[in-house]
Amino acid sequence: MRIAVCESDVQYAEWLVDLIRKWSEPRKDAVEIKIFLSAEQFLFTFGERKNFDIIFLDTDLKRMGGMELAKYIRKEDEQMLFIFITKNVRFAIEGYEVSAFRYLIKPLNRQQVESVLDQAASKVKYIKEDALVIFGNNEIKRIWKQDIRYVEAKGHYLEIYAKQEKFRIREKMDIFGVKLEEPQFCRCHRAFMFNIYYLEKFSKNEIKLSDGVIIPVSKNRQQKVINCVDSFYDC
């Protein structure tokens, strides 16, 4: 788990990092923490690596404020958890715009921080179980499993068709398919796997998805598709 602390007060940031480290010591999962003293410093790193799970964000950052930074991050990352650190509760209203996870009012105490970390860690675990990290299109990308409409094998590559974009990765269908659990994801053909959530019509030899895409169904996999559909909808 990767945690960013974006706080303009160096001593306060170091105190918070010390609390996070003490909280993480008995945990099995590795926790990486990085301090940023300004929004600009964070954005420089964020531009290269968009993979923080949690950010403790001071609303009183100089120049670019914490709320402005949060709005920018949210455009690029829908899953990062924002834990705002503030002296003013009025920011709680603005926080709805960026789906703030929690607000902590200064001065903080150890119990507050540990409690919010416990809650955030549970949320991050859920997010990671429902997401995939893929290496394709010359970048590392985290995508929601739910957004994957279908996967097609082409030679030594897989093309992953998600809601907004397509990814091309070098991996075998048999290996990648293990990451997408049945019955929601069904292997209907040697070269195709689809998300039943987007199923519109299933006939003998093909599947039509809600966006109009037609996917072939192998004769020896027809019953498998029926079983997956039955299980998914609990018919």
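Residues numbered from 1 in each chain as written. Predicted model: local features only at pLDDT ≥ 70, side-chain atom pairs only at ≥ 80, totals over all residues. Heavy atoms only, no water.

(A) Region of interest: unusual backbone geometry. Between Lys106 and Pro107 the backbone carries a cis peptide bond, its omega angle lying at 0°. Here the residue pair Glu182 and Pro183 is connected by a cis peptide bond, since its omega of 5° sits within 30 degrees of zero. A positive phi angle, near 55°, is found at Ser99, a position not held by glycine. Here Ser99 is to be found in the loop between α4 (91-94) and β5 (102-105). (Helix = DSSP H or I, 4+ residues; strand = E, 2+ residues; numbered from the N terminus.)

(B) Inspection of the sheet that holds strand β3 (residues 54-58) at higher detail. Across the sheet, five strands lie side by side as β2-β1-β3-β4-β5; this open sheet has parallel pairing. Each edge of the open sheet carries a strand with a single partner, namely β2 (32-36) and β5. Taken pair by pair, the neighbouring strands of this sheet meet at an average axis angle of 15°, ignoring direction. Across four bridges, strand β4 (residues 81-86) lies against β5 in parallel orientation. By the bridge assignment, Ile83 is partnered in β5 with Arg102. Lying on the sheet, helix α1 (residues 10-24) is in contact with β1 (2-6), β2, β3 and β4; it crosses β2 at an angle near 170°. Running over the sheet, helix α2 (residues 39-46) touches β1, β2 and β3 and is turned about 135° from β2. (Pairing = 2+ DSSP bridges. Axes fitted to C-alpha atoms, helices over the stretch in contact; angles between N-to-C directions. Contact = heavy atoms within 4.5 Å.)

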